[in-house]
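Next come the chains, spelled out residue by residue.
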Amino acid sequence: MDVLTDSLTPLRSGAKKLPFWQRWWQRQSPTRQDRFATLGPLLAVLLFLLAIGTSISYLHVEELNREKNTLTHDVGHAQQHLRFSLLERQEQLLVLARAIDGKAMSSAAFELHAQALLRSHPEVLGISWLDAQGQVLSTQVSARAPVALLGADGETPTALAGDDSFERARAQMQPVYSRPVGSAYGGSFALHLPLMAQGRFAGSVMALYSIDGLLRFVVPPELMARYAVALLDQQGLLLAGNLPPPQTAPSLLPWSGQTLEHQVALAPLGESLVLKAQAYRLSQDLVGSSFFWLSGALSALTVWMLLGTWRHTRRRVQAQQALVAETNFRRAMENSMPTGMRALDLQGRITYVNPAFCSMTNWSETELVGCTAPFPYWPQEDIEQLKQRLREELSGHAPSSGFEVRIKRRDASLFDARMYVSPLIDSQGQQTGWMTSITDITEPKRIREQLKASYQRFTTVLESLDSALSVAPLGSTELLFANKMYRQWFGAQGSGHRHLVDLAGHHPAPHPDEVDAVDAFAGLPTDALNDAGVTSAEVFVKEIDRWLEVRTRYLTWVDGRLAQMVIASDITPRRRAEEQALRQNERAQTASRLITMGEMASSVAHELNQPLTAISNYCTGMISRLQEQRISPPELLGALEKTARQAQRAGQIVQRIRAFVKRSEPNPTPSDVEQMVNNAIELAGIELRRHQVRLSSYVAARLPSLMVDPILIEQVLINLLKNAGEAIAQAQRPPGQRYVELRVLPRRLDQQEVVEFSVRDTGSGVPSEQVERVYEAFYSTKSEGMGIGLKLCRSIVESHHGRMHMHNIYNGTLVTGCCFSFWIPVLSRLRANGMTDDSGPQSLTDSERAP
């Protein structure tokens, strides 16, 4: 087998260069060479058979083309002969017709000339002289034709029945041929030559031709001898002659049995009469058929013999392939192993190295086999240590787990390797040496060191975080990882992790019947948990007296268990700052309401003075009338009821002012929009009446309730109405233009339902350079203003998830007023920013609020 393989190896560079086809042959495998050697003769026989068949087919096609060309030429010659004959007869008849036109011929003379023409031209059946109505004046009939075909004198010829050739001759004034027709007397056609008398149609000379006579007397005899000739009409019906029936006998050759024929139209009759010729089949081409089938039989016999040889060769090739495959398999096992193999005899001499070992050390097999210690791949500084290792190997004391050494390459570079030693046993069970496997561990060692360094860096980063990080399996108190901050707050136990998860409320529970001893969630689908992302919550931990932002997410631990990671960040300073800002905002709102009432004090006093004056007047009148005893009980009861109503009115004003300025916690409740608007109008109307400003309000019907703090919304409306009245007073508008419009309408903004409040005044508007600053704190367009009203209004609106807007009203280029509007969403969900007190650990309790 090695000899066969060596014979197929490429030529060495020093040898003479062979031709391309020889070098290609040597590169093929033995199996493929045997296959080519077997298929070569078979392919040659098939090509030979193909060449013989192609040659026979080509010669047959050439012969057919030659015969077809001859047939075409002969048929064309016959067509010309027939045409010239018909034209010659037409000229002779035309002379006769001209003689009749010139009245130089009598009826007897016509008959003499007609008889002469009939005797000289047997294909003509008869000649008739017809008048203008198509009736026979004189006629001469050939002895071969019946008289009834042309008709007697004074009758219409039978040949004209159903034919329009006479009428066409009358219309065209030219010779006209009729269509060929078949009859009991044989096929025939007529020729009409028109007669003229003083420029008018006077009849015609009609000659009746026999189609069979044309075929027998006009067609050349040599054509009739070589071919089967026939005359056909336009539909292909046989009029004269005969054609052999189609061949039905089987042919000896695949291409035999083809009929050779040709047909042309017969001028001057046009397409109505066709001349068709068909070649006679003279022989069966026995010589060509015999040669073809003999060649095919010899080729089939050769193919059968080659197939038998191929089967025999294939068995031999299969046996050879099995031997080559076994050898290649064993060699491939050795050559494809990335592990280096080295064999030592009992004296420590190298007896075998595989290609992987040579590739590791860059030393060739010839350079290593036969070497003794120290080996070329030993580093100079490790020789003594490696000699001690070699003695342990030869004595059989090498560790079974292997040992790590350094190996030197040819270029003096070093790499780390691990060696495993096992005894080498021959077929008789005797130990003949030691087999050593060597694995390059340079890259795994480098990766292991990088992973260790990366783990140290990662651990350092996690340990230095100011947030507590922990990882634990679901449903277990086992702690998989915890950083330094977690250990400072909760210690090294997993109870702190479980406590944070419970406070945050992100702890799924498995079914109690499906709890695993190691992993409670084993076998359950966890992809949805891993893809759920990060969830966060703010909780207060009493044990460490801190507010923590707890973020959790699910992950798959290195051992495949589902775990939960918790990151807890200290947000105590931020929560305290938010609480302080909330208290300050509440105080600012209360102060704003007190300031508003202080600014409205004179108006409120005037408003209270009216019912108090009425009460005083009612009491004084009742006293004087009682003293004079001029009042009856019903009159006294009416006066007391009026006094009570005025006192109730004064009490309502005081109660409304007291409720407006009272300091209280924000309390969002479902509030009626119309009631809030009426309360605000009742207080703001006092100030508007002082400024002599009319207030018109419109509240849409069936408005939904809003989840708001009604006192805060009333405060916004009162501030806007009060500012509108002051703007009108400052603009010094005439009485007809001193009015404020308050409109409350439902709207739909950004796919949500809202209620919009708008306040329009007729003041001088806001200067364009101050529009961007109207919401700034401590900025006011009024000389006595504090600049906190609109700032607080916008804060209140935004705390209810609404928005506030402002724009000037123009009449052309003149500013005629200003409009402040804000909207509140119908489904307002106020959060823990001071507007709601959500249940759960996210918010402080009353006992835990800072003073």
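Presented here is an overview of the structure given in this document. (Residues numbered from 1 in each chain as written. Predicted model: local features only at pLDDT ≥ 70, side-chain atom pairs only at ≥ 80, totals over all residues. Heavy atoms only, no water.)

## Quick word on a nonpolar patch on the surface
Argument step 1. Together, Leu 43, Leu 47 and Leu 50 make up a nonpolar patch on the protein surface, roughly 310 Å² of accessible area in all.
Argument step 2. Position of Leu 43 relative to the elements: it lies in helix α3 (residues 30–101). (Patch = residues over 30% accessible without salt bridge, like charges linked within 9 Å, V, L, I, M, F, W, Y side chains within 5 Å. Areas by Shrake-Rupley, 256 points an atom, 1.4 Å probe, with all protein chains shown as cover. Salt bridge = Lys/Arg side-chain N within 4 Å of Asp/Glu carboxyl O. Helix = DSSP H or I, 4+ residues; strand = E, 2+ residues; numbered from the N terminus.)

## Here's the deal with the pattern of salt bridges
Argument step 1. Under the definition given, this model contains 28 salt bridges.
Argument step 2. The closest approach of N and O atoms between Arg 498 and Asp 502, which form a salt bridge, is 3.8 Å. Linking Arg 498 with Asp 502, this pair stays in helix α14 (residues 495–504), spanning 4 residues, or about one helical turn.
Argument step 3. Asp 502 gets classed as partly exposed once you look at its relative accessible area, which sits at 44%.
Argument step 4. Through salt bridges with shared partners, a single ionic network connects Glu 88, Arg 89 and Glu 123. (Buried < 20%, exposed > 50% of the residue type's maximum accessible area, 1.4 Å probe, protein only.)

## With respect to the packing of aromatic side chains
Argument step 1. Applying the stated criterion to the full structure yields 11 aromatic pairs.
Argument step 2. Residues Phe 540 and Trp 547 carry aromatic rings whose centres are separated by 5.5 Å and whose planes lie at 55° to one another, so their mutual orientation is tilted. Just as Phe 540 is buried, Trp 547 falls in that class too.
Argument step 3. Cluster of aromatic residues (ring-pair linked, three or more members): Phe 357, Phe 375, Tyr 377 and Trp 378.
Argument step 4. When the ring centre of Trp 363 is taken as reference, the NZ or CZ atom of Arg 410 above it lies at 4.4 Å. (Phe/Tyr/Trp six-rings, centres within 6.5 Å; stacked < 30°, edge-to-face > 60°. Lys NZ or Arg CZ within 6 Å of the ring centre and 35° of its normal.)

## Some details on the state of the cysteines
Argument step 1. Throughout the structure, instances matching the rule amount to 0 disulfides.
Argument step 2. Counting only cysteine sulfurs, Cys 818 is the nearest neighbor of Cys 819, a cysteine outside any disulfide, at a range of 7.0 Å.
Argument step 3. Owing to a relative accessible area of 3%, Cys 819 belongs among the buried residues under this scheme. (Disulfide = S-S within 2.5 Å.)

## Here's the deal with the sheet that holds strand β9 (residues 273–279)
Argument step 1. Taken together, the 4 strands give an open sheet; going across it, the order is β7-β6-β9-β8, and neighbouring strands pair in antiparallel fashion. Only two strands of the sheet have a single neighbouring strand rather than two, namely β7 (238–241) and β8 (261–265). Across the sheet, the axes of successive neighbouring strands diverge by a mean angle of 25°, strand direction being ignored.
Argument step 2. Looking at chain direction, β8 and β9 are connected through 5 bridges and run antiparallel. Residue pairing for β9: Ala 265 is matched across the bridge by Val 274. (Pairing = 2+ DSSP bridges. Axes fitted to C-alpha atoms, helices over the stretch in contact; angles between N-to-C directions.)

## With respect to the sheet that holds strand β12 (residues 403–408)
Argument step 1. Spatially, β11-β10-β14-β13-β12 is the arrangement adopted by the 5 strands of the open sheet, whose pairing is antiparallel. The open sheet has two edge strands with one neighbour each: β11 (350–353) and β12. On average, each strand axis in the sheet is inclined to that of its neighbour by 35°, with strand direction left out of account.
Argument step 2. Bridging between strand β13 (residues 414–425) and strand β14 (residues 431–440) involves 9 bridges; their strand directions are antiparallel. For Val 421, the partnering residue across the bridge sits in β14 and is Thr 436.
Argument step 3. Together, β12, β13 and β14 form the strand contacts of helix α12 (residues 442–463), whose direction differs from that of β13 by roughly 130°. (Contact = heavy atoms within 4.5 Å.)

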